[in-house]
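Survey of secondary and tertiary structure
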Amino acid sequence: MQAGVARDWQELLTSSLQKEDWPDELTSIVRKLSIGEPINRADAHVLFQYSDLNTIGKLANLVKTSMFGPQVFFNHNVHINQTNICTLACKFCAFRRGRRADDAYQMGVQDYLDDLDQYADYVDEVHSVGGLHPDWDIEHYEFLFSETKNKFPDIHIKALTAVEIKHIANLSNISIHETLKRLKNAGLGSLPGGGAEILDDDVRKIICNGKESSSEYLEIHGAAHSIGMPTNCTMLFGTVESVDQRITHLLKLRKQQDASKGFQCFVPYPFLPDSSRLPQAQLASGSEILRVIAISRIILTNIPHIKAYRMNIGDELAELALNFGADDIDGTVQKESIMHLAGSTAPLSHDKNKLAKIIENAGSIPILRNTIYTEFEEYKPPKTIVKSRLPMA
């Protein structure tokens, strides 16, 4: 599996599990984990229903530490959302605008380059997703990515959700495979994985009607994997889905990973409250967020990394999640629009030292990584010198 995972992680997990006493309700699940047998749907329901969240977190954390020891990963990135103009109108989206809206925007290629230039000296990844612009076809994105790589050859481009890939392919009258190959040749390095929402088409009809279907999301990511392009995958929970539909989502991702082996990180995040967009949303509590992250780690043992996406859940909950199975806390970000328009209050001013502090507060070792988890370096923030003062008379 690589991506920083210990080669003998399964043996380490078996040994760790055997050292603990587990409640009867979880012994079958623990046995399966200890021999590398996948958790099934019934097991997943047990994990969602089991009352002691700390025990679920403990189990997930043993999986995590078997894979990575005390390491937690982060990177130095910036988010640039290239346009908010979108041909769709998903109910949960606070970012999207119609072309004629007063606050609609579209960044020209030079505008994008100028924006990135402000951060280029200290980031190694640009993360770019946006709306489905009605005019931007394959040639637009080929030009954008090639110009970006020409000016910033050392910055990895992680961009475009599956529905953006589908939209570009349709506009350009070419296949998904050709779209991905051309974008890769232009400089696209990986896909961020957004837009999965819940991989159940009954849910999708309610919250994002018109987006790609569940099978299309998986097929597009599988196509990316087939040409050697790694991707992340995501889950938006706390809208209208049931627990069983969440489990379906996780099992579909696991099955796809067994087939194409290109998912490098899973990013679960809750719907942020905004009664004007999706008033029927079943908003997730902090405990529920931690449970979803923990169960994701327990089920998705074939996907290397689980991210505590602090842009969505905030620093405090992200820190807690690092002891509930998450091993990655994303990056410095610097600027971001989509989550913050949806209600996120996560700070955008964090540098590497602040992220490292969050990781250390969770009892872990901060590891600076590249986008595709092939380069790692322990990050040691400078020690703060406390100046002594003379006592007052």
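The notes below deal with the structure included here. Note that the structure is a prediction, hence the values are computed from the model and not measured.

Along the chain, the position of Thr148 falls in helix H6 (residues 138-151). Taking relative accessible area as the criterion, Thr148 reaches 1% and is therefore assigned buried. In this structure Thr148 touches Tyr112, Leu113, Leu116 and Ile157, once residues within four positions along its chain are discounted.

Residues Asp111, Asp114, Asp117 and Asp121 make up a contiguous surface patch of negative charge. With respect to the helices and strands, the residue Asp111 is situated in helix H5 (residues 109-117). For Asp111, a relative accessible area of 45% puts it in the partly exposed group.

Of the pockets and cavities examined, the second largest pocket occupies roughly 210 Å³. Surrounding the second largest pocket, 13 residues form its lining, Asp124, Arg369, Asn370, Thr371 and Glu375 being those nearest its centre. Residue classes in the lining of the second largest pocket are distributed as four nonpolar, three polar and six charged.

To continue, consider the environment of Tyr112. Tracing the backbone through its elements, the reader meets Tyr112 in helix H5. The spacing of Tyr112 and Asn81 is 31 residues in sequence and 9.1 Å in space, taken between C-alpha atoms. With residues near it in sequence (within four places) discarded, Tyr112 still touches Ile80, Gln82, Met107, Val126, Ser128, Leu144 and Thr148. Side-chain polar atoms of Tyr112 contact the side chain of Ser128, separated by 2.6 Å.

Moving on, we come to unusual backbone geometry. Phi angles above zero are rare outside glycine, and Asn173 is one such case at about 55°. With respect to the helices and strands, the residue Asn173 is situated in the loop between helix H7 (162-172) and helix H8 (176-186). A relative accessible area of 71% means that Asn173 is categorised as exposed.

Turning to empty space enclosed by the protein, a few remarks are in order. Using the criterion set out here, one finds two cavities of 30 Å³ or more in the structure. In this model, the second largest cavity occupies a volume close to 40 Å³. Around the second largest cavity, the lining residues are Gly131, Leu132, His133, Trp136, Tyr141, Glu164, His167 and Ile168. Examining the composition of the lining of the second largest cavity, we find that three residues originate from one element, H7, more than from any other. When grouped by side-chain class, the residues that make up the lining of the second largest cavity number four nonpolar, three polar and one charged.

A word on the pattern of salt bridges. Pairing of side chains with opposite charge becomes possible as their charged atoms draw close. In the structure shown here, the tally under the stated rule is 18 salt bridges. Across the salt bridge formed by Asp135 and Arg99, the nearest N and O atoms sit 3.1 Å from each other. Here Asp135 is found in the loop between strand E3 (125-128) and H6, whereas its partner Arg99 is found in the loop between strand E2 (77-79) and H5, with 36 residues between them in sequence. When its relative accessible area of 47% is taken as the criterion, Arg99 is described as partly exposed. Taking the shortest distance from any N to any O, the salt bridge between Lys307 and Asp330 comes out at 2.9 Å. Here the residue Lys307 occupies a position in the loop between strand E8 (305-306) and helix H13 (310-321), and Asp330 occupies one in strand E9 (residues 328-331), the gap between them amounting to 23 residues. Just as Lys307 is buried, Asp330 falls in that class too. Through salt bridges with shared partners, a single network forms among Glu142, Glu178 and Arg182.

Ordered by their spatial adjacency, three strands build an open sheet running E6-E7-E8, and the pairing between neighbours is parallel. The sheet terminates laterally at strand E6 (231-237) and E8, the two strands that pair on one side only. Along the sheet face, helix H10 (residues 214-226) touches E6 and strand E7 (263-270) and points at about 160° away from the line of E6.

Parameters and conventions
Residues numbered from 1 in each chain as written. Predicted model: local features only at pLDDT ≥ 70, side-chain atom pairs only at ≥ 80, totals over all residues. Heavy atoms only, no water. Helix = DSSP H or I, 4+ residues; strand = E, 2+ residues; numbered from the N terminus. Buried < 20%, exposed > 50% of the residue type's maximum accessible area, 1.4 Å probe, protein only. Contact = heavy atoms within 4.5 Å. Patch = residues over 30% accessible without salt bridge, like charges linked within 9 Å, V, L, I, M, F, W, Y side chains within 5 Å. Areas by Shrake-Rupley, 256 points an atom, 1.4 Å probe, with all protein chains shown as cover. Salt bridge = Lys/Arg side-chain N within 4 Å of Asp/Glu carboxyl O. Lys, Arg positive; Asp, Glu negative; His and termini not counted. Charge placed at Lys NZ, Arg CZ, Asp CG, Glu CD. 1 Å grid on protein atoms, 1.4 Å probe; cavity = no way out; pocket = protein on both sides within 12 Å on 5 of 7 lines; lining within 4 Å. Points joined across faces, edges and corners; volume = space filled by probe spheres on them. Nonpolar A, V, L, I, M, F, W, Y, C, P; charged D, E, K, R; others polar. Polar contact = N/O pair within 3.5 Å; in protein donor to acceptor, adjacent residues only side chain to side chain. Pairing = 2+ DSSP bridges. Axes fitted to C-alpha atoms, helices over the stretch in contact; angles between N-to-C directions.

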